[in-house]
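Chain and residue survey
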Amino acid sequence: MSRIAYVNGRYLPMRDAAVNIEDRGYQFGDGVYEVCEVREGRLVDVRRHLMRLKRSLEALHIRAPMSSNALGVVLRETVVRNRVGYGIVYFQVTRGVARRDHAFPAPEVPPSLVVTARALNRTRNEALAAKGIAVISVPDNRWGRVDIKTIGLLPNVLARQGAIERGARDAWFVDGDRAVTEAASANAWIVTYAGTLVTRQADHAILRGITRTVLFDVIQAEGLRIDERCFTLDEAYAAREAFVTSASQIVLPVVQIDGRAIGDGKPGPVALALRREFHRYAERD
Ligand code: PLP
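In this report, the structure presented in the accompanying data block is examined. (Residues numbered from 1 in each chain as written. Predicted model: local features only at pLDDT ≥ 70, side-chain atom pairs only at ≥ 80, totals over all residues. Heavy atoms only, no water.)

**Some words on the overall build of the protein**
Scanning the protein from N- to C-terminus turns up 8 helices and 15 strands. Against the compact-globule benchmark of 19 Å for 285 residues, the protein has a radius of gyration of 19 Å, which places it among compact chains. In terms of its C-alpha atoms, the protein occupies a principal-axis envelope of roughly 55 × 40 × 35 Å. Within the span of the protein, comprising 285 residues, buried residues form 51% of the whole. For the protein, restricting intrachain contacts to residue pairs at least 6 apart in sequence, the fraction spanning at least 24 positions comes to 72%. Working note: accessible area of the protein is about 13,600 Å², and carbon and sulfur atoms make up 52% of it. Separation between the mean location of the 41 positive side-chain charges and that of the 33 negative ones in the protein comes to 4 Å. (Helix = DSSP H or I, 4+ residues; strand = E, 2+ residues; numbered from the N terminus. Rg over C-alpha atoms; globule rule 2.2 N^0.38 Å. Buried < 20%, exposed > 50% of the residue type's maximum accessible area, 1.4 Å probe, protein only. Contact = heavy atoms within 4.5 Å. Areas by Shrake-Rupley, 256 points an atom, 1.4 Å probe, with all protein chains shown as cover. Lys, Arg positive; Asp, Glu negative; His and termini not counted. Charge placed at Lys NZ, Arg CZ, Asp CG, Glu CD.)

Spelled out as structure tokens, the structure:
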């Protein structure tokens, strides 16, 4: 079955799905995006993802291509047309098509909207979570507004590639104070030996992950302690557990950082319990 993409009002086979070469997303990375998990064919936490998209668009003064309700319909339709049971839906909005000039187009042009959906391999994802992943630390050289989910991801791309070249799976960004900000495409967490969960406060230095937000509810319901603060790389090396959270990975244990085993070098019980419980607290529609 060929995959179907939604492009500016039309559902097209992937091979025919294209955007103009003067699209500002292509020229400047001038756009924002979201990734939403799909389970049993239903969207997970789509309300929150649509809210964050709205916030990202407003921060960059990009007009919304349609209402959140209408966009929800397009997302569901794309999932159905691609027959995705378990997977992700990706949607991106750019400032639109205009002759290349850094300043915003004047007069304004319609924003571009692209939506794709694809199945993920559930067995493979569960096996990865059962094994845990290795990460490396890299200097955080991104711009100062990574709380906006922009499509400009070059530092993240290079960090992830660097990790792979060094035999790891992902990278953790570290700021000038040796504090961990987040992973290349996920939020970073540790569990201390006292049993407290620690993740960086959601300032301009991290993306406020939807998975992170929902996990706060899970943690509270499970009666665990949480400390939303900066933690250093050395604290992470000395942690009992570490893990990352994102819509496509939910809770994924980290068992090694920069070649050092975390805890006993196996996925920790807290991370695995949070992974198991997560979908009881996430919204589904
Ligand atoms: N941080 C970064 C840099 C990301 O790219 C992502 C997800 O893509 C996240 C955090 C996690 O966000 P969410 O839980 O909303 O997927």
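**Thoughts on unusual backbone geometry**
A cis amide bond links A106 with the next residue in sequence, P107, at an omega value of 0°. In this structure, P107 sits in the loop between β5 (87-94) and β6 (112-119). Here R83, not a glycine, exhibits a phi torsion of approximately 50°, which is positive. In this structure, R83 sits in the loop between α3 (68-81) and β5. Exposure remark for R83: the relative accessible area of 66% places this residue in the exposed category.

**A short note on helix α4 (residues 122-131)**
The N-cap of α4, judged by a side-chain oxygen 3.1 Å from the amide nitrogen of T123 a few residues on, is N121. Note on α4: the residue one or two positions beyond its end, G132, has a positive phi of about 85°. (Polar contact = N/O pair within 3.5 Å; in protein donor to acceptor, adjacent residues only side chain to side chain.)

**Considering the side chain of T245**
Along the chain, T245 falls in strand β13 (residues 241-246). Excluding its chain neighbours within four sequence positions, the residues that come into contact with T245 are A186, N187, W189, T211, R212, L215, I250 and V251.

**So, the nonpolar core**
Residues L43, L75, V89, F91 and V115 are the most contacted members of the largest nonpolar core, which totals 23 residues. In this structure, V115 is in contact with A5, Y6, V74, L75, T78, V89, Y90 and F91, ignoring residues within four places of it in sequence. Listed in part, the 22 residues of the second largest apolar core include V180, A188, V198 and A236. (Core = buried A, V, L, I, M, F, W, Y, C linked by side-chain atoms within 4.5 Å.)

**Some words on the packing of aromatic side chains**
Per the counting criterion, the structure on display carries 5 aromatic pairs. With 5.3 Å between their ring centres and 15° between their planes, W189 and F243 make a pair best called stacked. With W189 in strand β10 (residues 187-191) and F243 in strand β13, this pair connects stretches of sequence that are 54 residues apart. Judged on exposure class, the residue W189 and its partner F243 are both buried. Pairwise contacts between aromatic rings join W189, F216 and F243 into one cluster. Across from the ring centre of Y11, 4.0 Å away, lies the NZ or CZ of R81, which sits over that ring. Note that R95 overlies the ring of F104, its terminal NZ or CZ placed 3.5 Å from the centroid. (Phe/Tyr/Trp six-rings, centres within 6.5 Å; stacked < 30°, edge-to-face > 60°. Lys NZ or Arg CZ within 6 Å of the ring centre and 35° of its normal.)

**A closer look at the site of the ligand**
Taken together, 17 residues are adjacent to the ligand, and K149, E182, I210, T211 and A247 come closest. Taking A247, its main chain carries an N or O atom lying 2.8 Å from an oxygen atom of the ligand. Across the complex, the protein chains shield 94% of the 390 Å² of accessible surface that the ligand would expose by itself. Those elements that provide at least two residues to the shell around the ligand are α2 (46-59), β9 (180-183), α6 (210-221) and β13. Tallied by class, the residues present in the shell around the ligand amount to 7 nonpolar, 7 polar and 3 charged. (Near = heavy atom within 4 Å. Nonpolar A, V, L, I, M, F, W, Y, C, P; charged D, E, K, R; others polar.)

**Brief notes about the environment of A171**
Relative to the elements of secondary structure, A171 occurs in strand β8 (residues 170-174). Spatially, the C-alpha atoms of A171 and L158 are 9.5 Å apart, while their sequence positions differ by 13 residues. A171 has contacts with I136, V138, A159, A163, E182, A183 and A184, leaving out every residue within four places of it along the chain.

**Here we look at a nonpolar patch on the surface**
Taken together, the side chains of L154, V157 and L158 define a hydrophobic patch exposed on the protein surface, amounting to about 310 Å² of accessible area. Considering the arrangement of structural elements, one finds L158 in helix α5 (residues 154-165). (Patch = residues over 30% accessible without salt bridge, like charges linked within 9 Å, V, L, I, M, F, W, Y side chains within 5 Å. Salt bridge = Lys/Arg side-chain N within 4 Å of Asp/Glu carboxyl O.)

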